[in-house]
Amino acid sequence: MEISGRHFFITGSGKRIGRRLAESFLEKGARLSAHVHTSKKEGDELFARFPGKVHLVQADLRKIPEIQAAVISAEKKWGPIDVLINCASPFYPTPFLNCTESEWDDLLGGNLKGQFFLCQAVAKNMKSGVILNLCDVNANTPMKNFSPYVSAKAGLLMLTKNLAFELAPQVRVNSISPGPVLLPEHYTPLQRQRTEERTLLKRLGSPEDIVAAAHFIIENDYLTGIDLKVDGGRSLAEK
Ligand SMILES: NC(=O)c1ccc[n+]([C@@H]2O[C@H](COP(=O)([O-])OP(=O)(O)OC[C@H]3O[C@@H](n4cnc5c(N)ncnc54)[C@H](OP(=O)(O)O)[C@@H]3O)[C@@H](O)[C@H]2O)c1
């Protein structure tokens, strides 16, 4: 797929990996419906940096009416969506014995249910296009204290394959499973070192590694139903 002139909808466009994805496709001439939840200020900055190319949409992915309103607003602005990238994701520890129903609803809502209904809303008018879901290598390996998060990401991985099946041949659906790329801001130097040691390449990835993988998947028209691990060998390394 040629990127220039295409309508991208990227969730979590305000910060971190989503922000870099947004910038990279804008730099290649895409028109962007930039989704944010609380990062309105960062969204406004993106809007100002790429005049006439960014339409801001705000939605809490746990709320289906907000998702539907965001898609209607995006389609009204730029027409049907050509590429949906599901990048937004709540992420925090929830030790199993203390995990509450509201934490479960938050993590499953923001990591699986929201993506399901966003794909549905977008796919209704997507004549041909691409959906790309950001999963996690830990969707396939246990991660202590993160049961709801990894369960949701495992669901997203399966949803990716199922939608590749259901939406073919018009829409290609793929995922990227990052390993450690950008650590949570509160991580200590020791936690960082331990995380690096648990990869085969002994270092963190960078958002650019994810951006390159996203370009590869979106631009290669013969890819559907794949999950591309961008993890420095984390999934093969010892725990
Ligand atoms: N960073 C890594 O090393 C890594 C590793 C493995 C997998 N991943 C995956 O890669 C993707 C990007 O990672 P990241 O670290 O850049 O993500 P992140 O900073 O943890 O979160 C991205 C955005 O998710 C949005 N979000 C959270 N809850 C939401 C909700 N209920 N409704 C709507 N938006 C919500 C937030 O938007 P606002 O700021 O606008 O509120 C946030 O900026 C995620 O899917 C993540 O699971 C990342």
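Look up a bit, the structure's there.
Fair warning: this is a prediction, and the values are worked out from it, not measured in the lab.

J.: How do you make sense of the overall build of the protein chain when you look at a structure like this?
T.: Tallying secondary structure elements over the protein chain gives seven helices and seven strands in all. A globule of 239 residues ought to have a C-alpha radius of gyration of about 18 Å, and the protein chain, at 17 Å, matches this closely. Considered along the principal axes of its C-alpha atoms, the protein chain spans approximately 45 × 40 × 35 Å. Buried residues in the protein chain amount to 41% of all 239 residues. At a minimum sequence separation of 6, the contacts of the protein chain that also span at least 24 residues come to 70%.

J.: Sorry if this is basic, but what is going on with the site of the ligand here?
T.: Taken together, 25 residues sit near the ligand, with Gly12, Arg16, His37, Ser39 and Ser89 positioned nearest. The element that contributes the greatest number of residues to the shell around the ligand is helix 1 (residues 16-27), accounting for three residues. Per-class residue counts for the shell around the ligand are 12 nonpolar, eight polar and five charged.

J.: For this particular structure, what's the right way to read the nonpolar core?
T.: Inside soluble globular proteins, nonpolar side chains tend to come together where they are buried. The biggest cluster of nonpolar side chains holds 57 residues, and the ones touching the most others in it are Ile10, Leu32, Leu84, Ile85 and Val122. Discounting residues that sit within four places of it in the chain, Ile10 has contacts with Gly18, Leu21, Ala22, Leu32, Ala34, His35, Ile85 and Cys87.

J.: Would you mind going over the environment of Lys53 with me for this structure?
T.: As for its position among the elements, Lys53 is in the loop between helix 2 (40-49) and strand 3 (54-58). Setting aside anything within four residues of it in sequence, one finds Lys53 in contact with Leu26, Arg31 and Leu32.

J.: What should I look at first to understand the packing of helix 3 (residues 64-78) against helix 4 (residues 101-123) in this one?
T.: Helix packing for two helices is described by the angle between their axes and how far apart those axes are. Here helix 3 crosses helix 4 at 35 degrees, and the two axes come no closer than 9 Å. Our pair here, helix 3 against helix 4, has a crossing hand that is right-handed. Residues Ile64, Ile67, Gln68 and Val71 of helix 3 lie in contact with helix 4, whose contacting residues are Gly114, Phe117, Leu118, Ala121 and Val122. Taken together, the residues of the contact of helix 3 with helix 4 break down into seven nonpolar, two polar and no charged.

J.: So what exactly am I meant to see when it comes to unusual backbone geometry here?
T.: Backbone geometry follows two general trends: most residues other than glycine have a negative phi, and most peptide bonds adopt the trans configuration. With omega at 0 degrees, the peptide bond leading from Ala168 into Pro169 counts as cis. With respect to the element layout, Pro169 can be found in the loop between helix 5 (147-167) and strand 6 (171-178). Positive phi, normally seen in glycine, also occurs at Asn145, with a value near 75 degrees. Summarising the element assignment, Asn145 is placed in the loop between strand 5 (129-134) and helix 5. Residues other than glycine seldom take positive phi values, yet Lys202 does so here, at roughly 60 degrees.

J.: Can you help me understand the packing of helix 4 against helix 5 in this one?
T.: Running from N to C, helix 4 and helix 5 point in directions that differ by 15 degrees, and their axes come no closer than 9 Å. If you check the angle between helix 4 and helix 5, you find them roughly parallel. As helix 4 packs across helix 5, the resulting crossing turns out to be right-handed. When helix 4 is examined against helix 5, the residues Glu103, Trp104, Leu107, Leu108, Asn111, Leu112, Gln115, Phe116, Cys119 and Ala123 are found in contact with a partner set consisting of Pro148, Tyr149, Ala152, Lys153, Gly155, Leu156, Leu159, Leu163 and Leu167. Classifying every residue of the contact of helix 4 with helix 5 gives 14 nonpolar, three polar and two charged.

J.: Is there a simple way to explain the pairing of strand 2 (residues 31-36) in this structure?
T.: When a strand is regular, its side chains alternate between the sheet's two faces. Of all six residues in strand 2, six are buried; the element is thus mostly enclosed. Burial of strand 2 is two-sided: the residues Arg31, Ser33 and His35 facing one way and the residues Leu32, Ala34 and Val36 facing the other way are all buried. Of the strand pairs in this sheet, strand 1 (residues 7-10) and strand 2 are connected by four bridges, and their pairing is parallel. Bridging across to strand 2, Ile10 finds its partner in Ala34. Crossover strand 1 to strand 2 through helix 1 is right-handed. Sheet topology places strand 2 next to strand 3; five bridges connect them, and they run parallel. Note on strand 3: the bridge partner recorded for Ala34 is Leu56. For the handedness criterion, the β-α-β arrangement of strand 2, helix 2 and strand 3 is classed as right-handed.

Cut-offs used in this document
Residues numbered from 1 in each chain as written. Predicted model: local features only at pLDDT ≥ 70, side-chain atom pairs only at ≥ 80, totals over all residues. Helix = DSSP H or I, 4+ residues; strand = E, 2+ residues; numbered from the N terminus. Rg over C-alpha atoms; globule rule 2.2 N^0.38 Å. Buried ≥ 20, exposed ≤ 12 C-beta atoms within 10 Å, placed from the backbone. Contact = placed C-beta atoms within 7 Å. Near = placed C-beta within 6 Å. Nonpolar A, V, L, I, M, F, W, Y, C, P; charged D, E, K, R; others polar. Core = buried A, V, L, I, M, F, W, Y, C linked by C-beta atoms within 7 Å. Axes fitted to C-alpha atoms, helices over the stretch in contact; angles between N-to-C directions. Left-handed = near helix turned anticlockwise from the far one by under 90°. Parallel < 35°, antiparallel > 145°, perpendicular 65-115°, else oblique. Pairing = 2+ DSSP bridges. Right-handed = clockwise from strand over helix to strand, strands pointing away.

Distances and angles like these do not, on their own, reveal function.
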